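# Summary of the model geometry
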Amino acid sequence: YGDAAGRLYVVNAGNSSLSSLTEPRWRGRRCWPAGLATSGSDIWLLCLGGAAAGSSTKALLVSADGGATWKVRSSVASLTRPSPPTAIPRSEPSGLVATTRLKLWMGLQNGLATSGDGGRSWSYARNVNPQGVQLTFDVVSPTQVFALAPGAGLWRTTDGTTWAAMGPLNTG
């Protein structure tokens, strides 16, 4: 993850080694990391920009060469202009996970967004609302993932698409 000096740290799960990368810049400024995920050789980085009223400018960057180069996959570059309907969500993120090069999930303050095309377009998963609590993910396989919002709920997908609550949700 990122540090104050502008370095990213990525753990290689295959051999538990730690890589240090120079944090990329987005729109000429430092990328303030809000999420980092890996899948195969791809590294996904969610950068935050300016914020207002529970939303922020942001970009999802991807590197296919170990962090040597980065490309913007989807972004919200302005809070005053409409974004395309399939752009990365404006809501504040609370977690990011990639299970394949194409399948990503992003926890949001009050929802869960999903992408099946490598982050180019996003939609919202039904039945998942962490109620402002940060979502954490446990990936069992590319299609079986758990999403936990402590005190708010636990959800699971077994097909990579449909999410269901695991037991009663906190309603109070």
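Just so we're clear, the structure is a prediction, and the values are computed from it rather than from any experiment.

## Examining the overall build of the protein chain
Looking only at helices and strands, the protein chain has zero helices and 16 strands in total. Across the 172 residues that make up the protein chain, the buried fraction comes to 42%. Carbon and sulfur atoms make up 53% of the accessible area of the protein chain, which amounts to about 8700 Å² in all.

## Observations concerning the pattern of salt bridges
On inspection of all chains with the given rule, the structure shows two salt bridges. The shortest N-O distance in the salt bridge between aspartate 42 and arginine 101 comes to 2.8 Å. Linking aspartate 42 in strand S6 (residues 42–52) with arginine 101 in the loop between strand S9 (93–98) and strand S10 (104–108), this pair joins segments that are 59 residues apart in sequence. Put simply, glutamate 92 and lysine 58 hold a salt bridge, and the shortest N to O gap is 3.9 Å.

## Focus on the state of the cysteines
Linking two cysteines covalently via their sulfur atoms produces the bond known as a disulfide. All chains considered together, the criterion is met by one disulfide. Cysteine 31 shares a disulfide with cysteine 47; S-S distance 1.9 Å. Between cysteine 31 and cysteine 47 the disulfide shows an S-S torsion of about -95 degrees. By sign, it is left-handed. Of this pair, cysteine 31 sits in the loop between strand S4 (29–30) and strand S5 (32–39) while cysteine 47 sits in strand S6, and the two are 16 residues apart along the sequence.

## Description of the layout of surface pockets
Taken as a whole, the second largest pocket encloses approximately 160 Å³ of empty space. As for the second largest pocket, its lining consists of 14 residues, of which Asp42, Val62, Ala64, Arg73 and Arg101 are closest to the centre. Residue assignment for the lining of the second largest pocket shows that the elements contributing at least two residues are S6, strand S7 (55–63) and strand S8 (71–76). Tallied by class, the residues present in the lining of the second largest pocket amount to five nonpolar, three polar and six charged.

## Things to note about the nonpolar core
One finds Trp44, Leu60, Ile88, Leu96, Leu104, Met106 and Trp122 to be the most contacted residues of the largest nonpolar core, which totals 16 residues. Listed by contribution, the elements that provide at least two residues to this core are S5, S6, S7, S9 and S10. In contact with methionine 106, not counting residues within four places along its chain, are Leu46, Ile88, Pro89, Pro93, Gly95, Leu96, Gly111, Leu112, Ala113, Trp122 and Phe137. Core analysis: the second largest hydrophobic core is formed by twelve residues, Ala125, Ala152, Trp155 and Trp163 among them.

## Things to note about the sheet that holds strand S16 (residues 163–165)
With antiparallel pairing, the four strands of this open sheet are ordered in space as S13-S14-S15-S16. Edge positions in the sheet fall to strand S13 (136–139) and S16, since each has one partner strand and no second. Adjacent strand axes in the sheet meet at a mean angle of 25 degrees, parallel and antiparallel pairs treated alike. Both strand S14 (residues 145–149) and strand S15 (residues 153–157) contribute to a ladder of five bridges, which runs antiparallel. The residue bridging alanine 147 from the neighbouring strand is tryptophan 155, located in S15.

Reading the values: the criteria
- Residues numbered from 1 in each chain as written.
- Predicted model: local features only at pLDDT ≥ 70, side-chain atom pairs only at ≥ 80, totals over all residues.
- Heavy atoms only, no water.
- Helix = DSSP H or I, 4+ residues; strand = E, 2+ residues; numbered from the N terminus.
- Buried < 20%, exposed > 50% of the residue type's maximum accessible area, 1.4 Å probe, protein only.
- Areas by Shrake-Rupley, 256 points an atom, 1.4 Å probe, with all protein chains shown as cover.
- Salt bridge = Lys/Arg side-chain N within 4 Å of Asp/Glu carboxyl O.
- Disulfide = S-S within 2.5 Å.
- 1 Å grid on protein atoms, 1.4 Å probe; cavity = no way out; pocket = protein on both sides within 12 Å on 5 of 7 lines; lining within 4 Å.
- Points joined across faces, edges and corners; volume = space filled by probe spheres on them.
- Nonpolar A, V, L, I, M, F, W, Y, C, P; charged D, E, K, R; others polar.
- Core = buried A, V, L, I, M, F, W, Y, C linked by side-chain atoms within 4.5 Å.
- Contact = heavy atoms within 4.5 Å.
- Pairing = 2+ DSSP bridges.
- Axes fitted to C-alpha atoms, helices over the stretch in contact; angles between N-to-C directions.

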